[in-house]
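Residues per chain, in single letters:
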Amino acid sequence: MAPSAINVVVAGGTGDLGKHISKNLLSTVYRPNQVNRVVVLSRDDSSPIAQELKALGAEIHTGPVTTDTLKGIDVVINAWGFTVPGDIKNALVKTAVEAGVKVYFPSEFGVEPHLLDIEAKIFQSKVAQANYAREVGKGSLKVIELYNGGFLGQIGLYAPAIGIDIPNRTVTSVGEGSATVRVSLTSERDIAYSAVRLAIRAAQDPSSVADQVRISGTSTSWSHLAELLSKETGAEFEVKEVSDAPFREKIEEGDFVAALRYSYGKGHVDLTTGTSNELVNPGEELWKWETVEEYVKKTKGLSAA
């Protein structure tokens, strides 16, 4: 007998990452056999993306989240960004437990904090959110931390902030020897594909998915990225390394970007070993992971990101 189709809530399901998760859940790949209801928590049900998701079959919920909202829901995927206060995230998971939700994904995608040698507030909040979910769940709630390294799309969107200077053709990494350190990057699409696969699997058998899951869609080093940019643009990119000391000071002040760049340079965002890539996408039979080479080419050397 085939497993029952699951009901899923996506918090922040119209956001940068959430919209990819929502669309994947609503696709004919999973509906109607594996996914039944898709409820999207959003602040604005009149936005173009909310209307698009609604047309695909999503239920858009804009009011307070109560146990009635989550009644009959099997999985909650929290795709709220780090700007959403922790107490709001805690309230969501508490309500999920009260409503009998089986599986919960904290909103802390990206960098895995357990690998870091620094205490950055933004990364420590990831640990706090997951710990709180397990504490209130008391064993009845499967909590899955999904870590993907960096977001592939962000190397284009936030290039200057992370040391990629397209106009001046320089790529700057943080720390001695950091230019050749590998950094895992995963596209928002591939994160969404993975989250949905894990959600369905865990709803059917929670023990079949680890508490902490790593994926790595692609990886690069800053020196390799400079080579790709040089090839794509036809202009030579210079690779620079800067001391990590000033970044450590900024991290103590709560600077998220400084913490991210420091982590890149130290190898803390290299998730290429021990991944669950084969669990979610065996042999790449379900989809092809987007590579950094493809992304650089698609964005015309990051200029069209």
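As the structure is a prediction and not an experimental result, all values here were calculated from the model.

Scoring rules and cut-offs
- Residues numbered from 1 in each chain as written.
- Predicted model: local features only at pLDDT ≥ 70, side-chain atom pairs only at ≥ 80, totals over all residues.
- Heavy atoms only, no water.
- 1 Å grid on protein atoms, 1.4 Å probe; cavity = no way out; pocket = protein on both sides within 12 Å on 5 of 7 lines; lining within 4 Å.
- Points joined across faces, edges and corners; volume = space filled by probe spheres on them.
- Helix = DSSP H or I, 4+ residues; strand = E, 2+ residues; numbered from the N terminus.
- Nonpolar A, V, L, I, M, F, W, Y, C, P; charged D, E, K, R; others polar.
- Axes fitted to C-alpha atoms, helices over the stretch in contact; angles between N-to-C directions.
- Parallel < 35°, antiparallel > 145°, perpendicular 65-115°, else oblique.
- Left-handed = near helix turned anticlockwise from the far one by under 90°.
- Contact = heavy atoms within 4.5 Å.
- Pairing = 2+ DSSP bridges.

## Side note on empty space enclosed by the protein
- If you walk through the whole model with that rule in mind, you get one cavity of 30 Å³ or more.
- Volume-wise, the largest cavity comes out at about 90 Å³.
- Lining the largest cavity are I162, T172, S173, V174, S178, V181, V183, W222, R261, Y264 and G265.
- Of all elements in the fold, only β10 (170-174) and α9 (256-266) reach the threshold of two or more residues within the lining of the largest cavity.
- Across the lining of the largest cavity, the residue classes break down as six nonpolar, four polar and one charged.

## Points about the packing of helix α1 (residues 18-26) against helix α2 (residues 48-56)
- Where α1 meets α2, the closest approach of the two axes is 10 Å, and the angle between their N-to-C directions is 15°. Classified by the interaxial angle, the pair formed by α1 and α2 is roughly parallel. In this structure, α1 crosses over α2, and the sense of that crossing is left-handed. Note on element contacts: α2 touches α1 through I49, E52, L53 and L56, opposite K19, S22, K23 and L26.
- A class-by-class count of the residues in the contact of α1 with α2 yields four nonpolar, one polar and three charged.

## Focus on the side chain of S219
- Within the fold, S219 resides in strand β13 (residues 218-220).
- S219 has contacts with R182, V183, S184, L185, T272 and V292, leaving out every residue within four places of it along the chain.

## Considerations on the sheet that holds strand β5 (residues 103-105)
- Read across the open sheet, the six strands follow the order β3-β2-β1-β4-β5-β6; overall the sheet is parallel. On the outer flanks of this sheet lie β3 (59-61) and β6 (142-143), each paired with one strand and no other.
- Direction of pairing for strand β1 (residues 6-11) relative to strand β4 (residues 75-78): parallel, over a ladder of four bridges. Of the residues in β4, the one forming a bridge with V10 is I77.
- Across the face of the sheet, helix α6 (residues 188-204) comes into contact with β1, β2 (35-41), β4 and β5 while running at roughly 155° to β5.

## A closer look at the sheet that holds strand β14 (residues 238-242)
- Spatially, β9-β10-β14 is the arrangement adopted by the three strands of the open sheet, whose pairing is mixed. A strand with exactly one partner marks an edge of an open sheet, and here the two such strands are β9 (164-165) and β14.
- Here five bridges tie β10 to β14, and the two strands are oriented parallel to one another. Each residue of the ladder has a partner; that of S173, found in β14, is E241.
- Of the strands in this sheet, β9, β10 and β14 are in contact with helix α7 (residues 222-233), which crosses β10 at around 170°.

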